[in-house]
Amino acid sequence: MSEVFVLDEDARLMCRVRDGDAGAFDRLFERWRVPIVRFAVRFVGRQDRGEELAQEVFLKLYRARARYEPRERFAAWIFRVATNTCLNEVRRPEYRHRPVDVEDLAQEPTDRSRPRADDAVHALRLQAAVREAVATLPDTQRAALLLQQDQGLSYDEIAAALDSTTSAVKALLNRARRTLTERLAPWLEARRATEGVGT
Amino acid sequence: MSREDDALDALLALDRPVPTSGFDARVRAAIAADPALDALLAADRPAPGADFDARVRAAIADEAAGDPLDALLAADRPIPSPGFDARVRGAVRAERRRGGWIAGALAAAAAAAALFFVAPRGEGDGDLDADAALLAHLDLLEVYGEVEALDALEDEETFELVAALDDVNAEGIP
């Protein structure tokens, strides 16, 4: 018995883009601009190049509109395009990872209860350390981690995005988290000490 | 065994008493009420250690807080910079125009080619100058990928820009 796929709202919007509705594309862009930029920036570790890649993703979506057939969640489809775009970038022979620069960080303001200057510096250093640790993971581990952690994709959807298997994705995530736990150990210890979490 | 032993066993087998119906209950009651037994059982009354409460609270807090690595990873949440939206919308508008422009340009090129081969040239024919410019760069019109970043090819200066596309960045800006 074949699986029945129920269109999500974004897939319906994309169908309208396919049918010529320019306003539908604007709405999709509004809904997905932050998640796609966030994924691409964290993948390559740089705001400027991440945004260029994100722009490419939206252009690819627009160019592919005539051929769009909803066979999966829209989130899974757009992140498959984003993953391929970012993987192609880092697999170019001339690509070189550039260490994260604190000056380069553009952050979503989340914690307005800590206005002190040293807290802001601490937050930036933490953000830079996290971004660097993630950006230097092996490519497929990084992709799997960001897709799961930021975007909430299922194991199956991550496997589809990486053209892999569910069990391989689980192994990638396990390795990624172990590596990050080692690299971010000082920050994790500091967090536990200040918040009194765990033993 | 001798025949006398067999006889004795048979005789003894005649007397095999069993507990009466109340026996079990009486024994259980006796055990339960046994003060000595009570004292013995009271010798083992373990109590939570001094740090038990703190450990339970910490474990519950850990559970509520989730994986500390996830919390740390959430510290990096980049957002689009101020010019991002405008760049993407501009690029998509260019795509839309290109889709209509390519069809028009090819039609214009075909018409200009017909004009070139059919109409006699004369001095002061300004329209043919523009057509000649278009014809001189027909090779660029044929190469789809080279024009995708631009709105339209309208003059010689723009043709020169298209010819130098290698130096143009992804946003169509030199």
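Above this text is the structure in question.
**Student:** Can you help me understand the interface of chain A and chain B in this one?
**Tutor:** Accessible area lost upon the coming together of the parts serves often as the stated size of an interface. Counting residues at the interface gives 39 residues for chain A and 28 residues for chain B. Of the roughly 3500 Å² buried where chain A meets chain B, counting both sides, 59% is carbon and sulfur surface. Taken together, chain A and chain B are joined by nine salt bridges. For R63(A), the salt bridge identified is with E95(B), shortest N-O distance 2.8 Å. Breaking the side of chain A that touches chain B down by element, the ones donating at least two residues are helix 2 (22–44), helix 3 (47–63), helix 5 (117–135), helix 6 (139–149), helix 8 (166–183) and helix 9 (185–195) of chain A. Broken down by element, the side of chain A that touches chain B gets its largest block of residues, eleven residues, from helix 2 of chain A. Partitioning the side of chain A that touches chain B into residue classes produces 20 nonpolar, seven polar and twelve charged.

**Student:** Even after reading the chapter, I still don't get the packing of helix 6 of chain A against helix 8 of chain A, so can you show me in this structure?
**Tutor:** The relative placement of two packed helices comes down to the angle between their axes together with the axis-to-axis distance. All names here are of chain A. Across the interface, helix 6 lies against helix 8 with an axial gap of 9 Å and an inter-helix angle of 95 degrees. Here helix 6 is positioned roughly perpendicular relative to helix 8, judged by the angle of their axes. Two secondary-structure elements touch here, helix 6 through T140, Q141, A144, L145 and Q148 and helix 8 through L172, L173, R175, A176, R177, T179 and L180. Across the contact of helix 6 with helix 8, the residue classes tally to six nonpolar, four polar and two charged.

**Student:** Got a minute to help me understand the nonpolar core in this structure?
**Tutor:** Nonpolar side chains tend to gather and get buried jointly when the protein is soluble and globular. All names here are of chain A. In terms of nonpolar packing, the biggest core is built from 66 residues, with W32, I36, F43, F58, F74, I78 and F79 touching the most fellow members. Sorting elements by how many residues they give to this core places helix 2 first, with twelve residues. Once residues within four sequence positions are removed from consideration, W32 is found in contact with D10, F58, F74, A75, I78 and F79.

**Student:** Before we go on, may I ask you to explain the side chain of R98(B) in this structure?
**Tutor:** Along the chain, R98(B) turns up in helix 6 (residues 84–118). Separated by 2.7 Å, the side chains of R98(B) and E95(B) make a polar contact.

**Student:** How should the pattern of salt bridges be read in this particular structure?
**Tutor:** One side chain can pair with another of opposite charge once the charged atoms of both are near each other. What the rule picks out here adds up to 25 salt bridges over all chains. Because the salt bridges share partners, they merge into one network encompassing R49(A), E52(A), E56(A), E89(A), R92(A) and E94(A).

Here is what the cut-offs are and how they apply
- Residues numbered from 1 in each chain as written.
- Chains lettered and ligands numbered in written order.
- Predicted model: local features only at pLDDT ≥ 70, side-chain atom pairs only at ≥ 80, totals over all residues.
- Heavy atoms only, no water.
- Contact = heavy atoms within 4.5 Å.
- Buried area = accessible area lost by both parts, 1.4 Å probe.
- Salt bridge = Lys/Arg side-chain N within 4 Å of Asp/Glu carboxyl O.
- Helix = DSSP H or I, 4+ residues; strand = E, 2+ residues; numbered from the N terminus.
- Nonpolar A, V, L, I, M, F, W, Y, C, P; charged D, E, K, R; others polar.
- Axes fitted to C-alpha atoms, helices over the stretch in contact; angles between N-to-C directions.
- Parallel < 35°, antiparallel > 145°, perpendicular 65-115°, else oblique.
- Core = buried A, V, L, I, M, F, W, Y, C linked by side-chain atoms within 4.5 Å.
- Buried < 20%, exposed > 50% of the residue type's maximum accessible area, 1.4 Å probe, protein only.
- Polar contact = N/O pair within 3.5 Å; in protein donor to acceptor, adjacent residues only side chain to side chain.

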